Amino acid sequence: MNQPAAVPALRVRDLCKTYDGGVQALKGISLEVAAGDFHALLGPNGAGKSTLIGIVSSLVNKTSGTVEVFGIDLDVDRSGAMRQIGLVPQEFNFNMFEKPLDICVNYAGFYGFSRAEALARAEEELRRAQLWEKAHATARALSGGMKRRLMIARAMMTRPRLLILDEPTAGVDIEIRRGMWKTLQDINAAGTTIILTTHYLEEAESLCRDLAIIDHGRIVERGPMKTLLAKLDVEGFLFDIDGALPHALPQIEGAHLIARDAQTLDLDMPRAMDLNRVFAAFAAAGIRVRSMRTKSNRLEELFVRLIESDEGDGAAGSHDPEPQDATEAQEGRA
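Residues numbered from 1 in each chain as written. Predicted model: local features only at pLDDT ≥ 70, side-chain atom pairs only at ≥ 80, totals over all residues. Heavy atoms only, no water.

K.L.:
Looking at this structure, how should I read the nonpolar core?
P.N.:
Generally speaking, a soluble globular protein has its nonpolar side chains buried in company with each other. Membership of the largest hydrophobic core comes to 45 residues, with the highest contact counts inside it found for Leu-42, Leu-126, Leu-150, Ile-152, Leu-163, Leu-165 and Leu-184. The element best represented in this core is helix α3 (residues 100–110), accounting for six residues. Those residues in contact with Leu-165 that lie beyond four places of it in its chain are Val-88, Ile-152, Leu-184, Ile-194, Ile-195, Leu-196 and Thr-197. Judged by nonpolar contacts, the second largest core, of 31 residues, contains Ala-9, Leu-52, Val-69 and Leu-87. (Core = buried A, V, L, I, M, F, W, Y, C linked by side-chain atoms within 4.5 Å. Buried < 20%, exposed > 50% of the residue type's maximum accessible area, 1.4 Å probe, protein only. Helix = DSSP H or I, 4+ residues; strand = E, 2+ residues; numbered from the N terminus. Contact = heavy atoms within 4.5 Å.)

Dropping the structure here:
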């Protein structure tokens, strides 16, 4: 007998958002995040990430399309869908004069938990966030990294099945960031699905199993991290050129060659390709190489390549006027 397909943690279909003034922030996005996944959502500033998160977390009104959280349609049962979600926004949005313990307990109270249960959960989450010793300090006295961890602890008070983090490690140093990675890995290992937006591509590569890259309000690439990185089974070189570049660069079958500037050529080629083919093509085109060096070819190269290839598809001025974080939409849903 065939087993029923697992319900995804998040299913978005043909999601559109047009802000006042006619600017399209999302242009028919479709995305699925499997239950238990650790999923990255990447894109440049203004690409639509925070708008997407705002809609999923019910802080921004969509124009059209559907959103389901563990099979619960946002339009049919908004409260039921929201009970599945924990949100960690970019900006600190707790009372800086409250104690971390009170911040967590009061948050749980909004969801109907008794004080006794809220206190027990607060201790558990603050200990996991390595903040229990600061439970009775004022939040304003915490370091930036501690405040970030407090945001995660607060979001986990309701035991959400889906945790959404919008730039959770922004502005913290490498040591603190890696400590937060361990916390998030533990949360995911315990069964919570995580969606992470980040500008640290190393972070996405280290933590996430799947990713989607969004630009100009569209998904330009998505899939398993390993599959997408396999596309980068290439050698990357930068060539410093002696003299002027020809009007037309040589076409090298299987390779991708562009002029980074008037004196530098940027080449991606399969690892199996013989460099002698490249130098022969350069010689035939009258290109004289002064020096060459390798370049990085991991997630950053994939990201940059996809965004650059998408630039021609996005109309000028079509970038998302999204707020810096989804919580800004609480003042009035767009």
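That was the structure; now back to the text.
K.L.:
Just to check I follow, could you spell out helix α5 (residues 144–155) for this structure?
P.N.:
Residues spaced three or four apart along an α-helix point in a common direction, a consequence of the helix completing one turn every 3.6 residues. In this model α5 runs 17 Å from its N-terminal to its C-terminal C-alpha over twelve residues, within 8% of the 16 Å that 1.5 Å per residue would give. Where burial is concerned, most of α5 is hidden: ten out of the twelve residues are buried. Buried within α5 we find Gly-145, Lys-147, Arg-148, Arg-149, Leu-150, Met-151, Ile-152, Ala-153, Arg-154 and Ala-155. Considering only its buried residues, α5 is in contact with β6 (85–88), α3, α4 (115–128), β7 (162–166) and α6 (174–189). (Expected span 1.5 Å × (residues − 1).)

K.L.:
So what exactly am I meant to see when it comes to the packing of aromatic side chains here?
P.N.:
According to the stated counting rule, one finds six aromatic pairs in the structure shown. Measuring from centroid to centroid gives 5.3 Å for Tyr-107 and Tyr-111, while their planes differ by 50 degrees, and the two rings are tilted. Taking relative accessible area as the criterion, Tyr-107 reaches 15% and is therefore assigned buried. Overall, the relative accessible area of 37% leaves Tyr-111 in the partly exposed class. Ring centres of Phe-237 and Phe-239 lie 6.2 Å apart, and the angle between their planes is 45 degrees; this geometry places the pair in the tilted category. Of the aromatic side chains, those joined through ring pairs into one cluster are Phe-237, Phe-239, Phe-279 and Phe-282. The ring of Tyr-19 carries Lys-17 above its face, with NZ or CZ at 5.0 Å from the centroid. Positioned above the aromatic ring of Phe-70, the side-chain terminus of Arg-161 is 3.8 Å from the ring centre. (Phe/Tyr/Trp six-rings, centres within 6.5 Å; stacked < 30°, edge-to-face > 60°. Lys NZ or Arg CZ within 6 Å of the ring centre and 35° of its normal.)

K.L.:
Quick question: what am I supposed to make of unusual backbone geometry here?
P.N.:
Among all residues save glycine, negative phi is the norm, and among peptide bonds the norm is trans. Positive phi, normally seen in glycine, also occurs at Phe-70, with a value near 50 degrees. Along the chain, Phe-70 turns up in the loop between β4 (64–69) and β5 (72–73). On the accessibility criterion, Phe-70 (12% relative accessible area) is buried. With a phi close to 55 degrees, Glu-167 is a non-glycine residue in the positive phi region. Considering the arrangement of structural elements, one finds Glu-167 in the loop between β7 and α6.

K.L.:
What should I look at first to understand the sheet that holds strand β1 (residues 10–18) in this one?
P.N.:
Picture the strands of a sheet paired through backbone hydrogen bonds; they go either parallel or antiparallel. Taken in spatial order, the four strands make up an open sheet running β2-β1-β4-β5, and their pairing is antiparallel. The open sheet terminates on both sides in strands that have one partner only, identified here as β2 (24–33) and β5. Sheet topology note: the β1/β2 ladder contains seven bridges and is antiparallel. Bridging across to β2, Thr-18 finds its partner in Gln-24. Here helix α1 (residues 49–56) sits on the sheet and contacts β1, β2 and β4; the angle it forms with β1, its principal contact strand, is near 115 degrees. (Pairing = 2+ DSSP bridges. Axes fitted to C-alpha atoms, helices over the stretch in contact; angles between N-to-C directions.)

K.L.:
So what exactly am I meant to see when it comes to the confidence of the model for the protein chain here?
P.N.:
The predicted coordinates ought not to be read in detail in places where the model reports low pLDDT. Here the protein chain averages 86 in pLDDT, while 87% of its residues score no lower than 70. Contacts of residues 314–333 to residues separated by more than four positions or lying in other chains number 53 contacts, the stretch itself having pLDDT below 50. (pLDDT = per-residue confidence, 0-100.)

K.L.:
Quick question: what am I supposed to make of the pattern of salt bridges here?
P.N.:
Pairing between side chains of opposite charge can happen when their charged atoms approach one another. One pass over the structure, following the stated rule, counts 13 salt bridges. With a shortest N-O distance of 2.7 Å, Arg-13 and Glu-32 are connected by a salt bridge. Of the two residues, Arg-13 is situated in strand β1 and Glu-32 in strand β2; the sequence distance between them amounts to 19 residues. Using a relative accessible area of 33% as the deciding quantity, one classes Arg-13 as partly exposed. Note on Glu-32: relative accessible area 38%, which makes it partly exposed. (Salt bridge = Lys/Arg side-chain N within 4 Å of Asp/Glu carboxyl O.)

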